[in-house]
Amino acid sequence: MDAEKTTQQKIDRILEAASSIETVKTPPFFKDKVLNQLAREPEAQSESAMPGWFGFRYQVAILILFAILNFTVLFLYNSSNEEEELQSLAESYHLSASESNSILN
């Protein structure tokens, strides 16, 4: 029973406290100042958020250069690797140019 009375008293005190809240006097044009400042802020952030060297054109140019470099390295590696494989194959079957022995001679 006492718990119900104390709970009701707490509720009454909270409601009375809410009715004692007074309105705050804001300076004139405060809302306009804040809204103008918020409207200007994203423009300044968008300019400074991404540096100039990180633009889309530079990203595409770097990507193309990177792809060209990779294809060049792959081509050179494959051609040198192919020459080494042919040389080792010729040596394993005794077909190298340095030997003059041949089955046909």
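Relevant structure appears above.
What counts and how
Residues numbered from 1 in each chain as written. Predicted model: local features only at pLDDT ≥ 70, side-chain atom pairs only at ≥ 80, totals over all residues. Heavy atoms only, no water. Helix = DSSP H or I, 4+ residues; strand = E, 2+ residues; numbered from the N terminus. Buried < 20%, exposed > 50% of the residue type's maximum accessible area, 1.4 Å probe, protein only. Areas by Shrake-Rupley, 256 points an atom, 1.4 Å probe, with all protein chains shown as cover. Patch = residues over 30% accessible without salt bridge, like charges linked within 9 Å, V, L, I, M, F, W, Y side chains within 5 Å. Salt bridge = Lys/Arg side-chain N within 4 Å of Asp/Glu carboxyl O.

Undergrad: Where do I start with the overall build of the chain in this structure?
TA: Across its full length, the chain holds three helices and zero strands. Put simply, the chain runs from its N terminus to its C terminus through helices and strands in the order α-α-α. Burial analysis of the chain (105 residues in total) assigns 3% to the buried set. Roughly 10,600 Å² of accessible area belongs to the chain as shown, and the carbon and sulfur atoms make up 63% of that amount.

Undergrad: Would you explain a nonpolar patch on the surface in this entry?
TA: A cluster of nonpolar side chains, namely Phe 30, Val 34, Leu 35 and Leu 38, defines an oily patch on the protein surface of about 350 Å² accessible area. Inspection of the secondary structure assignment puts Val 34 in helix H2 (residues 30-49).

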